[in-house]
Amino acid sequence: MSEPVTIVETPIKLDFSYTPGVASSRFLRSLEKGKIVGQRCPKCKKVYMPPRGACSMCGVATDEELILSGKGTVCTFCVTRIPTPGLDAPYVSAWIRLDGADITSMFLIQECDPEEVRLGMRVEAVWVDEADREPNLGNIKYFRPTGEPDADYDTYKDYV
Amino acid sequence: MTESVLVAEHGIEYTYTRSTGPVIGAFLTALRDRQIVGVRGSDGRVIVPPTEYDPVTSEDLSEIVPVADEGVVTTWAWNDSPRMGQPLDRPFAWALVQLDGADTGLLAAVDAGEPGAMRTGVRVKARWADGRVGSIRDLACFEVVA
Ligand SMILES: [Zn+2]
């Protein structure tokens, strides 16, 4: 006679089609060309990266586009010491404010000892090879330190 | 100016591993053996599927009671467009089935073919899956008793 059941596996699965919308589609297609394109709000002048086609504060369309450099400042970070599929531990994820952007976005930080990562650290995007690029955020593999002096606290204090 | 919008296919999957506890464990163990069991509540009613706690007094329940794998539909709804992961890939009925010997309804799929075959009070019988492993999926669905 077989053993009584004490453990059960309950898979949960969801397949879906994701449509990012017009603004994000344009953003993702520029990434495919190696460009990070933000959008500026005509009213409050804040620059969104990634852009969503509208300013969530002012509720108006953000038509003006501008190319950002791909350099930025670490505003908040987290060292994860438990591995996750595709990522060996420890790894560092950080909210990075790209130069010229007024919101932060989350990226990995690599080519750097996790103990070295700090607020204000200057970092730059590392891209996948041009031939392998697709219209998605995965074109930016991670950010790495630029070696520049740390940013002045006042330039990122509102984003910590 | 028209600009095409991107579409990407995504999938999210996460498998939980749960310990069943003694009551649900007994239920799943029985399913593996093509049997359905319930639990007796403080008021004497047989609850199927079994609950770990009494619905009236909240006390622990432990008296496992076998019931039949055949019973009657007490209420039902027709599912015309089954989705991924549902018990059947063709239209079927979701039904509460009160098994002979049970005092509550078990929510299950009835492979009735078409909604005209379904009615409250219709008798249905369990169809068992091949290769049972001790899962609710061992009870593949119910079928209408001719
Ligand atoms: Zn604005």
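All of these numbers come straight from a predicted model, not from anything done at the bench.

(A) Inspection of the layout of surface pockets at higher detail. Here the largest pocket is characterised by a volume of approximately 640 Å³. The wall of the largest pocket is formed by 21 residues, among which Gly-85, Pro-87, Ser-135, Ile-136 and Arg-137 of chain B lie closest to the centre. Contributing elements (two or more residues each) for the lining of the largest pocket: β1 (7–18) of chain A together with β7 (106–110) and β9 (139–144) of chain B. Residue composition of the lining of the largest pocket, by class: 15 nonpolar, three polar and three charged.

(B) Here's a closer look at the sheet that holds strand β3 (residues 47–48) of chain A. Residue and element names in this part refer to chain A. In spatial order, the strands read β3-β2-β4; together these three strands make up an open sheet with antiparallel pairing. Looking at which strands have only one partner, the edges of the open sheet turn out to be β3 and β4 (64–68). As paired strands, strand β2 (residues 36–40) and β3 are joined by two bridges and run antiparallel to one another. Note that in β3 the partner of Arg-40 across the bridge is Val-47. Helix α1 (residues 21–32) contacts β2 and β4 of the sheet and is inclined by roughly 150° relative to β2.

(C) The arrangement of the sheet that holds strand β4 (residues 64–67) of chain B in detail. Residues and elements named next belong to chain B. With antiparallel pairing, three strands are arranged side by side in an open sheet as β3-β2-β4. Each edge of the sheet is formed by a strand with only one pairing partner; in this case those strands are β3 (46–47) and β4. Contacts between helix α1 (residues 21–32) and the sheet are confined to β2 (36–40) and β4, with β2 contributing the most and set at about 155° to the helix.

(D) Quick look at the interface of chain A and chain B. In this assembly, 26 residues from chain A lie in contact with 26 residues from chain B. By the criterion of area lost to chain B, the three top residues of chain A are Val-5, Val-8 and Phe-16 of chain A, representing 24% of everything that side buries. One can count zero salt bridges joining chain A with chain B. At the surface where chain A touches chain B, the tally comes to 15 residue pairs in polar contact (both at pLDDT 80 or more).

(E) View of the packing of aromatic side chains. Under the counting rule described, the total for this entry stands at four aromatic pairs over all chains. Geometrically, the ring pair formed by Phe-107 of chain A and Phe-143 of chain A is tilted, given 4.7 Å between the ring centres and 45° between the ring planes. Remark: Phe-143 of chain A occurs in strand β9 (residues 140–145) and Phe-107 of chain A occurs in strand β7 (residues 105–109); sequence separation between them is 36 residues. Of the two residues, Phe-107 of chain A and Phe-143 of chain A, neither departs from the other in class, the shared state being buried. The ring of Tyr-16 of chain B has Arg-18 of chain B sitting right over it, with the charged end atom 5.1 Å from the ring centre.

(F) Focus on unusual backbone geometry. The linkage connecting Met-49 of chain A with the following residue, Pro-50 of chain A, adopts the cis geometry, with an omega of 0°. By secondary structure assignment, the location of Pro-50 of chain A is in the loop between β3 and β4. Even without being a glycine, Lys-45 of chain A presents a positive backbone phi close to 70°. Take Lys-45 of chain A: it is sitting in the loop between β2 and β3. Positive phi outside glycine occurs at Ser-58 of chain B, with the angle close to 70°. Tracing the backbone through its elements, the reader meets Ser-58 of chain B in the loop between β3 and β4.

(G) Quick look at the confidence of the model for chain A. Per-residue confidence for chain A gives a mean pLDDT of 94, with 99% of residues at or over 70. The weakest mean pLDDT in chain A belongs to β1 of chain A at 90; the strongest belongs to strand β8 (residues 122–127) of chain A at 98.

(H) Expanded view of the environment of Pro-114 of chain A. All names here are of chain A. Mapping Pro-114 onto the fold places it in the loop between β7 and β8. A C-alpha to C-alpha distance of 9.4 Å links Pro-114 and Thr-80, two positions 34 residues apart in sequence. Excluding residues within four positions of it along the chain, Pro-114 makes contact with Val-79, Pro-90 and Val-92.

(I) Region of interest: the coordination of the zinc ion. All names here are of chain A. Within the first shell, the zinc ion binds the protein through Cys-41 (SG), Cys-44 (SG), Cys-55 (SG) and Cys-58 (SG), at distances of 2.2 to 2.3 Å. Around the zinc ion sit four donor atoms; with metal-centred angles ranging over 106 to 113°, the donor geometry is tetrahedral. For Cys-44, a relative accessible area of 31% gives the class partly exposed. Overall, the relative accessible area of 24% leaves Cys-58 in the partly exposed class.

Conventions and cut-offs
Residues numbered from 1 in each chain as written. Chains lettered and ligands numbered in written order. Predicted model: local features only at pLDDT ≥ 70, side-chain atom pairs only at ≥ 80, totals over all residues. Heavy atoms only, no water. 1 Å grid on protein atoms, 1.4 Å probe; cavity = no way out; pocket = protein on both sides within 12 Å on 5 of 7 lines; lining within 4 Å. Points joined across faces, edges and corners; volume = space filled by probe spheres on them. Helix = DSSP H or I, 4+ residues; strand = E, 2+ residues; numbered from the N terminus. Nonpolar A, V, L, I, M, F, W, Y, C, P; charged D, E, K, R; others polar. Pairing = 2+ DSSP bridges. Contact = heavy atoms within 4.5 Å. Axes fitted to C-alpha atoms, helices over the stretch in contact; angles between N-to-C directions. Buried area = accessible area lost by both parts, 1.4 Å probe. Salt bridge = Lys/Arg side-chain N within 4 Å of Asp/Glu carboxyl O. Polar contact = N/O pair within 3.5 Å; in protein donor to acceptor, adjacent residues only side chain to side chain. Phe/Tyr/Trp six-rings, centres within 6.5 Å; stacked < 30°, edge-to-face > 60°. Buried < 20%, exposed > 50% of the residue type's maximum accessible area, 1.4 Å probe, protein only. Lys NZ or Arg CZ within 6 Å of the ring centre and 35° of its normal. pLDDT = per-residue confidence, 0-100. Donors = N, O, S within 2.8 Å, 3.2 Å for Na, K, Ca; no water. Tetrahedral: all angles 85-135°; square planar, octahedral: opposite > 155°, others 65-115°.

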